[in-house]
Amino acid sequence: MNSEVAEIRSELDKIRQKCLSCEKCPLCKTRHNIVFDDGIPNNKLMLIGEAPGFYEDQQGKPFVGKAGQLLDRIFASVGLNREKDVYICNTLKCRPPDNRNPLPEEKEACWEYLEAQISILKPRLILLCGNVAVQSILGNVGGITRIRGNWYPPESAIVEVFGAKMMPIFHPSYLLRNDTREKGGPKWLMWQDIQEIKREYDKL
Ligand code: SF4
């Protein structure tokens, strides 16, 4: 590990430690594990998802189970790898019961941790995976089906993103529920989006 990555990991670990004992919202009472991050801390590519689901809560790791495996296959299709190329985290660090959407007050309470993750890494590209992540960073810009695949400049964020360009993408759970590979369908669109993401990544 080079010294720069070690320093970033150490900064992130301070935030993770704070999170482990966090009781800022009622989700602390029902969580089994804090789900803080996965992948490699880097200043190129970050993916922000929604909130931990059942398996994430059990394992303390974001994007596991079928949705996580699909996400890994999507990245692999363009030669990207979560262990080497992508830093992954969620909007919320604790699982909402029954996988309901996070409440506004929960997102507000948990924002300090995501804000710290973005400010420590200062990634050049951020993928906003699903509507919850989009709303947290870009506000009400429309549903994911309409806005996915477009790059949003840093000025369009409602929070500080430290110069990152952002692209909303479908959540892999949505793709699992909409399995058609027809041209124009969700999986086909995701394929277009990941290729565009790779083109932008290669310019960095
Ligand atoms: S969801 Fe976030 S704010 Fe709420 S208890 Fe968990 S870490 Fe704290």
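Residues numbered from 1 in each chain as written. Predicted model: local features only at pLDDT ≥ 70, side-chain atom pairs only at ≥ 80, totals over all residues. Heavy atoms only, no water.

**Student:** Got a minute to help me understand the packing of helix 1 (residues 3-20) against helix 4 (residues 104-121) in this structure?
**Tutor:** For any two helices packed against each other, the geometry is given by the interaxial angle and the distance between the axes. Two elements in contact, helix 1 and helix 4, have axes whose closest approach is 10 Å; the angle formed by their N-to-C orientations is 175°. Of the possible angle classes, the one that applies to helix 1 and helix 4 is roughly antiparallel. Residues Ile8, Glu11, Leu12, Ile15, Lys18 and Cys19 of helix 1 form the contact with helix 4, whose own contacting residues are Glu112, Tyr113, Ala116, Gln117, Ile120 and Leu121. Each residue belonging to the contact of helix 1 with helix 4 can be placed in one class, and the counts come to eight nonpolar, one polar and three charged. (Axes fitted to C-alpha atoms, helices over the stretch in contact; angles between N-to-C directions. Helix = DSSP H or I, 4+ residues; strand = E, 2+ residues; numbered from the N terminus. Parallel < 35°, antiparallel > 145°, perpendicular 65-115°, else oblique. Contact = heavy atoms within 4.5 Å. Nonpolar A, V, L, I, M, F, W, Y, C, P; charged D, E, K, R; others polar.)

**Student:** Quick question: what am I supposed to make of the sheet that holds strand 5 (residues 165-169) here?
**Tutor:** Strand pairing within a sheet occurs via backbone hydrogen bonds; the two strands may be parallel or antiparallel. A sheet is described by the order of its strands in space; here five strands give the open sequence 1-3-2-4-5, paired in mixed fashion. Bordering the open sheet on either side are strand 1 (38-39) and strand 5, each of which pairs with just one other strand. For strand 4 (residues 125-129) and strand 5, the ladder comprises five bridges, and the chain directions are parallel. Within strand 5, the residue paired with Cys129 across the bridge is Ile169. Along the sheet, helix 8 (residues 186-203) contacts strand 2 (45-49), strand 4 and strand 5; its crossing angle with strand 5, the most-contacted strand, is approximately 165°. (Pairing = 2+ DSSP bridges.)

**Student:** Can you walk me through the environment of Ile144 in this structure?
**Tutor:** Turning to its location among the elements, Ile144 is positioned in helix 6 (residues 144-147). Note: C-alpha distance between Ile144 and Lys14 (130 residues apart in sequence) is 33 Å. The residues touching Ile144, leaving out its near neighbours within four places in the chain, are Leu128, Gly130, Asn131, Val134, Pro168, Ile169 and Phe170.

**Student:** I keep staring at the site of the ligand and nothing clicks. Help me out?
**Tutor:** Lining the immediate environment of the ligand, one finds Cys22, Lys24, Cys25, Cys28, Arg31, Lys93, Cys94, Ala109, Cys110 and Tyr113. The residue makeup of the shell around the ligand, split by class, is seven nonpolar, no polar and three charged. (Near = heavy atom within 4 Å.)

**Student:** Would you mind showing me how to read the nonpolar core here?
**Tutor:** Nonpolar side chains in soluble globular proteins tend to be buried together. Counting 60 residues, the largest nonpolar core has Leu47, Ile48 and Ile137 as its most contacted members. Ranked by the residues each element gives to this core, the list is headed by helix 4, at eight residues. Every residue in contact with Ile137, bar those within four places of it in the chain, is listed here: Ile48, Trp111, Leu114, Ile118, Leu128, Ala157, Ile158, Val159, Val161 and Met166. (Core = buried A, V, L, I, M, F, W, Y, C linked by side-chain atoms within 4.5 Å. Buried < 20%, exposed > 50% of the residue type's maximum accessible area, 1.4 Å probe, protein only.)

**Student:** What is the right way to look at the pattern of salt bridges in this model?
**Tutor:** A pair can form between side chains of opposite charge whenever their charged atoms are brought close. On inspection of all chains with the given rule, the structure shows 14 salt bridges. Lys18 is the partner of Glu112 in a salt bridge, and the nearest nitrogen-oxygen pair spans 2.9 Å. With Glu112 in helix 4 and Lys18 in helix 1, this pair connects stretches of sequence that are 94 residues apart. Judged by its relative accessible area of 27%, Glu112 falls in the partly exposed class. Arg199 is the salt-bridge partner of Glu196, the closest N and O atoms lying 3.2 Å from each other. One end of the pair is Glu196 and the other is Arg199, both in helix 8 and three residues apart, which spans about a single turn. (Salt bridge = Lys/Arg side-chain N within 4 Å of Asp/Glu carboxyl O.)

**Student:** What is the right way to read the packing of aromatic side chains from this model?
**Tutor:** A ring pair, where both rings are aromatic, is described by two values, the distance of the centres and the angle of the planes. In this structure the tally under the stated criterion is two aromatic pairs. Judged by centre distance (4.9 Å) and plane angle (25°), the ring pair of Phe170 and Tyr174 falls under stacked. Residue Phe170 is classed as buried on the basis of its relative accessible area, which comes to 2%. Sitting over the ring of Tyr201, Lys44 keeps its end group 5.3 Å from the ring centre. One Lys or Arg, Lys122, reaches over the ring of Phe162 and ends 4.9 Å from the middle of that ring. (Phe/Tyr/Trp six-rings, centres within 6.5 Å; stacked < 30°, edge-to-face > 60°. Lys NZ or Arg CZ within 6 Å of the ring centre and 35° of its normal.)

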